[in-house]
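The residues making up each chain are set out below.
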Amino acid sequence: MALRSTDILTQTPQGLYCPLGDFHVDPIRPVARALVTHGHSDHARAGHQAVMATRETLRIMGVRYGDDFAGTTQEAPLGAKVKVGGVTVRFSPAGHVLGSAQIAIEAGGTRIVVSGDYKRAPDPTCLPYEVVPCDVFITEATFGLPVFRHPDTREEVRKLLASVALFPERAHIVGAYALGKAQRVMALLREEGYDRPLHLHGAMERLTELYKSEGIPLGETPKVAAADRAKLAGAIVLCPPSSIQDLWSRRFPDPVTCFASGWMQVRARARQKGVELPLVISDHSDWDDLCATILETGAGEVWVTHGQEDALVHWCTGRGIKAKPLHMLGYGDDGEAEPDEGRPSGREESAETAP
Ligand SMILES: [Zn+2]
Ligand SMILES: [Zn+2]
């Protein structure tokens, strides 16, 4: 007898739970066993007894929370089937940030894929998204409205370089989330041939080092020393989104405030944040990619975790795909939920706050 999807995965206050395997996926509170899709702090939290994740995600959690972030850890090799209790799990690339994975859970002939966060746009800093055919596809919907269409990231980075060329006496301060977005912007700049140093806010240093140690070429990335700020005319500086408006960024020569986020498509939001040069660079799927991905998985049922759930549920229903919103709380705080919430975890923020 085939299992019902809700026999394999159910919603609990801690997050999605698999009773047959006795584990949670991306739990928002400490649990006995967690399977973690990727290192963003809304998905990867400290304090679980056991954590299973890709090697890169485990390393990222170690950098953010310290080596004792979990009682025990287990590396999930991409593409390999692993038995966990009464189910089989398999991690596959999600194309979101370094080490990000979708988790397929299979039992009794039914396969559910928890995609975590994902994108289809090319990203030189992580493995591309892999379509995993499934019966139930679980997706987020951060940009789940037809108005959201992300442009080619190369064009966005060229805008930044054009501005640097136009204003050689000004510093360009780029707000970007410390995990994933910042390194992607750096890699895109290198792809465009920019070979000068990329100056980093202290909060980005350790994760950027981790990316480099994983073989991602980001070039010279010195940390900004307080005393050097005035000398950085014409330089590109990367900092957490929260720092683009504070005193930290004002110490640079005539700064041009830039912000790399999918939300920068909404000009009113860019103005609100005082962003002079919005860069529409998203680590999430836009509307077209959400819809295309759902179709490619062949899923007959879709669960939408958070974001603009209703539009996507409606779109699925119109195509004969069973769909429901999960209204899950605690997700979306990875720098692209809302520009105003685009702040890194407190730990990173405290890395350098002195003006
Ligand atoms: Zn994420
Ligand atoms: Zn997320």
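Structure shown above.
This structure is a prediction, so every number in the text was calculated from the model and none was measured. (Residues numbered from 1 in each chain as written. Chains lettered and ligands numbered in written order. Predicted model: local features only at pLDDT ≥ 70, side-chain atom pairs only at ≥ 80, totals over all residues. Heavy atoms only, no water.)

**A word on the coordination of the zinc ion (ligand 2)**
Next up, step 1: Only Asp42 (OD), His43 (NE2) and Asp117 (OD) from the protein reach the zinc ion (ligand 2) as donors, at distances of 2.1 to 2.7 Å.
Next up, step 2: Sequence spacing of the donors to the zinc ion (ligand 2): D-H-x73-D.
Next up, step 3: The zinc ion (ligand 1) is placed at 3.5 Å from the zinc ion (ligand 2), the two being bridged by Asp117.
Next up, step 4: With relative accessibility at 2%, the residue Asp42 sits in the buried group. (Donors = N, O, S within 2.8 Å, 3.2 Å for Na, K, Ca; no water. Buried < 20%, exposed > 50% of the residue type's maximum accessible area, 1.4 Å probe, protein only.)

**A short note on the pattern of salt bridges**
Next up, step 1: In this structure the tally under the stated criterion is 20 salt bridges.
Next up, step 2: Notably, a salt bridge pairs Arg120 with Glu296, separated by 3.1 Å at the nearest N-O pair. A residue pair is termed long-range when its members are at least 10 positions apart, and Arg120 in the loop between β10 (110-114) and β11 (136-141) and Glu296 in helix α8 (residues 287-297) qualify at 176 residues.
Next up, step 3: The exposure class of Arg120 is partly exposed, given its relative accessible area of 28%.
Next up, step 4: Judged by relative accessible area, Glu296 falls into the partly exposed class, the value being 41%.
Next up, step 5: Between Arg149 and Asp288 there is a salt bridge, and its shortest N-O distance comes to 2.6 Å. Of this pair, Arg149 sits in the loop between β11 and α3 (153-166) while Asp288 sits in helix α8; the two residues are 139 residues apart in sequence, bridging distant segments of the chain.
Next up, step 6: Residue classification places Arg149 among the partly exposed positions, given a relative accessible area of 47%. (Salt bridge = Lys/Arg side-chain N within 4 Å of Asp/Glu carboxyl O. Helix = DSSP H or I, 4+ residues; strand = E, 2+ residues; numbered from the N terminus.)

**With respect to the nonpolar core**
Next up, step 1: In this structure, Leu160, Leu189, Ile236, Leu238 and Leu279 are the most contacted members of the largest nonpolar core, which totals 35 residues.
Next up, step 2: Secondary structure elements with two or more residues in this core: α2 (55-65), α3, α4 (181-191), β13 (198-200), α5 (205-213), β14 (236-239), β15 (256-260) and β16 (277-279).
Next up, step 3: Of the residues forming this core, the biggest block, six residues, is contributed by α4.
Next up, step 4: Core analysis: the next-biggest nonpolar cluster, separate from the first, contains 26 residues, Val84, Ala101, Ile103 and Tyr331 among them. (Core = buried A, V, L, I, M, F, W, Y, C linked by side-chain atoms within 4.5 Å.)

**Section: the environment of Asp228**
Next up, step 1: Tracing the backbone through its elements, the reader meets Asp228 in the loop between α5 and β14.
Next up, step 2: For the pair Asp228 and Gly71, spaced 157 residues apart in sequence, the C-alpha to C-alpha distance is 42 Å.

**Overview of the packing of α8 against helix α9 (residues 309-318)**
Next up, step 1: Running from N to C, α8 and α9 point in directions that differ by 40°, and their axes come no closer than 11 Å. Considered as vectors, α8 and α9 are oriented oblique to each other. Considering only the axes of α8 and α9, their crossing is right-handed. Of the residues in α9, those in contact with Trp287, Leu290, Cys291, Ile294 and Leu295 of α8 are Ala311, Leu312, Trp315 and Cys316.
Next up, step 2: The class makeup of the residues in the contact of α8 with α9 is nine nonpolar, no polar and no charged. (Axes fitted to C-alpha atoms, helices over the stretch in contact; angles between N-to-C directions. Parallel < 35°, antiparallel > 145°, perpendicular 65-115°, else oblique. Left-handed = near helix turned anticlockwise from the far one by under 90°. Contact = heavy atoms within 4.5 Å. Nonpolar A, V, L, I, M, F, W, Y, C, P; charged D, E, K, R; others polar.)

**Quick look at the sheet that holds strand β9 (residues 101-107)**
Next up, step 1: What the seven strands build is an open sheet, ordered β7-β8-β9-β10-β11-β17-β18; its pairing is mixed. Each edge of the open sheet is held by one strand with a lone partner, namely β7 (81-84) and β18 (322-325). Between one strand axis and the next, the sheet turns through 25° on average, direction left out of account.
Next up, step 2: Summarising the sheet, β7 and strand β8 (residues 87-93) pair through four bridges and their orientation is antiparallel. Bridge pairing in β8 links Val82 to Val89.
Next up, step 3: Along the sheet face, α8 touches β11 and β17 (301-307) and points at about 175° away from the line of β11. (Pairing = 2+ DSSP bridges.)

**What to know about the packing of aromatic side chains**
Next up, step 1: Within this structure, the stated rule accounts for seven aromatic pairs.
Next up, step 2: Ring centres of Trp248 and Phe252 lie 5.1 Å apart, and the angle between their planes is 65°; this geometry places the pair in the edge-to-face category.
Next up, step 3: Residue Trp248 is classed as buried on the basis of its relative accessible area of 2%.
Next up, step 4: Under the relative-accessibility criterion, Phe252 is labelled buried at 4%.
Next up, step 5: Put simply, the rings of Tyr118, Tyr129 and Phe137 touch in pairs and so form one group of aromatic residues.
Next up, step 6: One residue, Arg170, lies across the ring of Phe167, its end atom 5.2 Å from the ring centre.
Next up, step 7: Geometry around Trp303 places Lys324 over its ring, the cationic atom sitting 4.4 Å from the centre. (Phe/Tyr/Trp six-rings, centres within 6.5 Å; stacked < 30°, edge-to-face > 60°. Lys NZ or Arg CZ within 6 Å of the ring centre and 35° of its normal.)

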